[in-house]
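One-letter residues, chain by chain:
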2 protein chains.
Amino acid sequence: MSISVVLHPKLPEGVREYVSALPGLQIVTPQDDEGVARALQDGGEVLVSFIWNESYLSPSLKWVASPSAGFDQFPVAELHARDVVITTGAGVHADAVAEHAFALMLALTRNLGTAARNMAEAKWQRPLCDEVFGKKIAIVGIGRIGDAFARRLDGWGAEVVGVKRNPATYSGPVEVIHPVSALREVCDWADILILTSPAQVDGSALIGAAELEALGAGWIVNIGRGSLIDETALIAALDSGELRGAGLDVFSKEPLPADSPLWTSPKVLVSPHVAGSTPAFGKRYVKVFETNLAAYRGQGEWMNLLGRDIPL
Amino acid sequence: MSISVVLHPKLPEGVREYVSALPGLQIVTPQDDEGVARALQDGGEVLVSFIWNESYLSPSLKWVASPSAGFDQFPVAELHARDVVITTGAGVHADAVAEHAFALMLALTRNLGTAARNMAEAKWQRPLCDEVFGKKIAIVGIGRIGDAFARRLDGWGAEVVGVKRNPATYSGPVEVIHPVSALREVCDWADILILTSPAQVDGSALIGAAELEALGAGWIVNIGRGSLIDETALIAALDSGELRGAGLDVFSKEPLPADSPLWTSPKVLVSPHVAGSTPAFGKRYVKVFETNLAAYRGQGEWMNLLGRDIPL
């Protein structure tokens, strides 16, 4: 029996093409938000989307297949109460996001943001740059992305630690893992913080004024979620604290509002939530989707299942 | 007997401090170009400088100790004819330059130059980004810098080859080394070219229109010397060819003239010849200088000697 799959109009590169090519599916491709809601009211069972809207709730909806790693955009409790399964794209982005985090880190140490901004005025200004070699780097919320980042640090001569809610469950390449309760001490130790975790369940910040003060004259990179950093504290640390720079792909509000001081701070590099962007996305994501399609048909196990594989 | 050492007013971070702290030297620190020339006419034996000016030639000058890796700025034949020894800072910059090349490469694949330039207008524009993972990378003119770059690629899942005038003399970490005569074929194979060599002896370009056409829809990074690329061909490949981007730290004329189209090309990231910049420079360079100071005093071997360690 054909399964009705609704593809949201906004999907990462290649997802539409690869999912549409799978056999046995009735693919619906609405052009806008209202169309998505209508398709779900008209019997859509599966929604492929990283975007959520109240109007998507429908009696026929059985499975939300998100290509994103984070899931704070979904009303998880409500969907679970209706027996709607939620799966994520956790891990699919890992390589691209790790490379993006690395790009932001190096752009900070080598002052490339300033160099790029100076181009408009043909300004040849030579700042002192710094090295990752010998630096102390903490990967906060280490998981698949953090592991992919850590593997890429292999030949760089940096010291690396991870921070994780439950260090006992860690089995990746980083040798030293601290619990989140030691975050302040880790910030004190580190030169560079790389935030790679999903949003906190309660949406609270992990990095506030105290953590930024402990970090001191270091750099911070965030490719996790905007809510992980208290933006007001960040702006204060950039303006009047020792903080040397911030490379940010995620923000408490996206798109970043035009009046945010982050756009104009000379120490900030704003990247428009593209860390997961890669031409290989669709090809990689469809493997997760196929596995879960089989599980949906009662054949085999779910993958990246929210509430089981991925703790809430 | 005290040796008269003239420190040029423009020196990399820390060189002045570390060299001045060495025992048995009579340190002269002129404030400008004329002062340097005067100090050398007044009996200066050693000139520490990466800048050269005709007026520096003097009967007392015995040793030009350059902290730079390149040496095309010096009248080598003329200095050698006068028995003036020339040493370079080759290798001292390797870590910083390798990191800078990596930063430029990632800024291209992740579109960070565009992101930074969009900040002035608070423009949230999300391009498709790419990955280094799986890419084919050629390090052209592989030496100490290229080796430092290659080691940093360890955990990145890229294929790497080197290009070297005489592959038989190579003993670094890259397994496949092609001769310069195969450069066209290497460009055809590669997705990313990293130029790490000093200038050609005759100042000619290694990368011209044919090599850029062979590279096709790839990226090019130059932290070697501006003369290595035919800039006119580069601009044409950026404007109307397939070339996806260029990350440039060096230019045929520096500072890059204000009317150069490289300043305004959306595919270019201009960095103002800062690849070697690092707070650790002085500390590392003084070790080379001390070794050579001993050789100057007749105790031990020269290091980074132009014409012997470093072929002309």
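Residues numbered from 1 in each chain as written. Chains lettered and ligands numbered in written order. Predicted model: local features only at pLDDT ≥ 70, side-chain atom pairs only at ≥ 80, totals over all residues. Heavy atoms only, no water.

1. Digging into the overall build of chain A
Right, so step 1: Within chain A, the regular secondary structure consists of 10 helices and 12 strands.
Right, so step 2: Over its C-alpha trace chain A gives a radius of gyration of 21 Å, about what one expects of a compact globule, namely 20 Å for 312 residues.
Right, so step 3: By principal-axis analysis of the C-alpha atoms, chain A measures approximately 65 × 50 × 35 Å.
Right, so step 4: The proportion of buried residues among the 312 residues of chain A is 55%. (Helix = DSSP H or I, 4+ residues; strand = E, 2+ residues; numbered from the N terminus. Rg over C-alpha atoms; globule rule 2.2 N^0.38 Å. Buried < 20%, exposed > 50% of the residue type's maximum accessible area, 1.4 Å probe, protein only.)

2. Notes on the interface of chain B and chain A
Right, so step 1: Listed as interface residues are 55 residues of chain B and, on the opposing side, 55 residues of chain A.
Right, so step 2: Taking both sides of the interface into account, the surface hidden between chain B and chain A amounts to around 4,800 Å²; carbon and sulfur atoms contribute 66%.
Right, so step 3: At the boundary of chain B and chain A, one finds two salt bridges.
Right, so step 4: Close ionic contact of Arg284 of chain B with Glu131 of chain A constitutes a salt bridge, the shortest N to O distance being 2.8 Å.
Right, so step 5: Among the elements that make up the side of chain B that touches chain A, the one with the highest residue count is helix H4 (residues 94–109) of chain B (nine residues).
Right, so step 6: Looking at the side of chain B that touches chain A, its residues break down into 31 nonpolar, 11 polar and 13 charged. (Contact = heavy atoms within 4.5 Å. Buried area = accessible area lost by both parts, 1.4 Å probe. Salt bridge = Lys/Arg side-chain N within 4 Å of Asp/Glu carboxyl O. Nonpolar A, V, L, I, M, F, W, Y, C, P; charged D, E, K, R; others polar.)

3. Side note on the sheet that holds strand E3 (residues 46–48) of chain A
Residue and element names in this part refer to chain A.
Right, so step 1: Here we have five strands laid out as an open sheet, ordered E2-E1-E3-E4-E5, and parallel in their pairing. Of all strands in the sheet, those bounded by a partner on one side alone are strand E2 (25–28) and strand E5 (85–87). Neighbour to neighbour, the strand axes of the sheet diverge by 20° on average, direction disregarded.
Right, so step 2: Bridge count between strand E1 (residues 3–7) and E3: three bridges; the pairing is parallel. The partner of Leu7 across the bridge, within E3, is Val48. (Pairing = 2+ DSSP bridges. Axes fitted to C-alpha atoms, helices over the stretch in contact; angles between N-to-C directions.)

4. Considerations on the domain arrangement of chain A
All names here are of chain A.
Right, so step 1: Under the domain assignment, chain A is made up of domain 1 (3–92 + 279–296) and domain 2 (94–270).
Right, so step 2: Averaged C-alpha coordinates put domain 1 and domain 2 at centres separated by 31 Å.
Right, so step 3: Each partner contributes to the interface: domain 1 provides eight residues, whereas domain 2 provides five residues.
Right, so step 4: Buried area between domain 1 and domain 2, summed over both chains or domains, comes out near 540 Å², and the portion from carbon and sulfur atoms is 48%.
Right, so step 5: When the area that domain 1 buries against domain 2 is broken down by residue, the three leading residues are Asp72, Gly91 and Arg284, summing to 54%.
Right, so step 6: Taken together, the links from domain 1 to domain 2 amount to one salt bridge.
Right, so step 7: Put simply, Asp72 and Arg225 hold a salt bridge, and the shortest N to O gap is 2.9 Å.
Right, so step 8: Linking domain 1 with domain 2 are three residue pairs in polar contact (both at pLDDT 80 or more).
Right, so step 9: For the side of domain 1 that touches domain 2, a count of residues per class yields three nonpolar, three polar and two charged. (Domains from an automatic or database assignment. Polar contact = N/O pair within 3.5 Å; in protein donor to acceptor, adjacent residues only side chain to side chain.)

5. Here's the deal with the relation of the copies chain B and chain A
Right, so step 1: Relative to chain A, chain B is turned by 180° and slid 0.0 Å along the rotation axis, the superposed coordinates differing by an RMSD of 0.1 Å. Both chain copies can therefore be described as sitting about a two-fold axis. Among all residues of chain B, the minimum C-alpha distance to the rotation axis is found for Arg117 of chain B, at 2.6 Å.
Right, so step 2: Same-surface contact between copies: 100% of interface residues of chain B are shared with the interface of chain A. (Least-squares fit on C-alpha atoms with pLDDT ≥ 70 in both.)

6. Examining the packing of H4 of chain B against helix H6 (residues 144–152) of chain B
Residue and element names in this part refer to chain B.
Right, so step 1: It is the contact of H4 with H6, at a shortest axis distance of 8 Å, that shows an interaxial angle of 55°. On the basis of the axis angle, H4 is oblique to H6. The handedness of the crossing between H4 and H6 is right-handed. From H4, Ala94, Asp95, Val97, Ala98, Glu99, Ala101, Phe102 and Met105 reach across to H6, where they touch Arg144, Ile145, Ala148, Phe149 and Arg152.
Right, so step 2: Broken down by class, the residue content of the contact of H4 with H6 amounts to nine nonpolar, no polar and four charged. (Parallel < 35°, antiparallel > 145°, perpendicular 65-115°, else oblique. Left-handed = near helix turned anticlockwise from the far one by under 90°.)

7. Things to note about empty space enclosed by the protein
Here the idea is plain: a probe the size of a water molecule rolls over the atoms and shows the empty space left.
Right, so step 1: A full pass over the atoms with the stated rule returns four cavities of 30 Å³ or more.
Right, so step 2: Taken as a whole, the largest cavity encloses approximately 60 Å³ of empty space.
Right, so step 3: Looking at the largest cavity, the residues that line it are Trp263, Val270, Ser271 and Pro272 of chain A together with Asn111, Thr114, Ala115, Asn118, Lys123, Gln125 and Pro127 of chain B.
Right, so step 4: At three residues, helix H5 (residues 112–118) of chain B tops the list of elements feeding residues into the lining of the largest cavity.
Right, so step 5: Partitioned by chemical class, the residues of the lining of the largest cavity number five nonpolar, five polar and one charged. (1 Å grid on protein atoms, 1.4 Å probe; cavity = no way out; pocket = protein on both sides within 12 Å on 5 of 7 lines; lining within 4 Å. Points joined across faces, edges and corners; volume = space filled by probe spheres on them.)

8. Describing the packing of aromatic side chains
Right, so step 1: Scanning all chains against the criterion turns up 23 aromatic pairs over all chains.
Right, so step 2: Between the aromatic rings of Phe102 of chain A and Trp156 of chain B, the centroid separation amounts to 4.9 Å while the plane-to-plane angle is 70°, which identifies the pairing as edge-to-face. In this pair, Phe102 of chain A sits in helix H4 (residues 94–109) while Trp156 of chain B sits in the loop between H6 and strand E7 (159–164), so the two residues belong to two different chains. With respect to class, Phe102 of chain A is no different from Trp156 of chain B; both count as buried.
Right, so step 3: Taking the centre distance of 6.0 Å and the plane angle of 15° together, the rings of Phe281 of chain A and Tyr285 of chain A count as stacked. Remark: Tyr285 of chain A and Phe281 of chain A occur in helix H10 (residues 281–296); sequence separation between them is four residues, near one turn of the helix.
Right, so step 4: Judged by its relative accessible area of 1%, Tyr285 of chain A is buried.
Right, so step 5: Here the aromatic cluster, defined as three or more aromatic residues joined through ring pairs, consists of Trp63, Phe281, Tyr285, Phe289, Tyr296 and Trp302 of chain A. (Phe/Tyr/Trp six-rings, centres within 6.5 Å; stacked < 30°, edge-to-face > 60°.)

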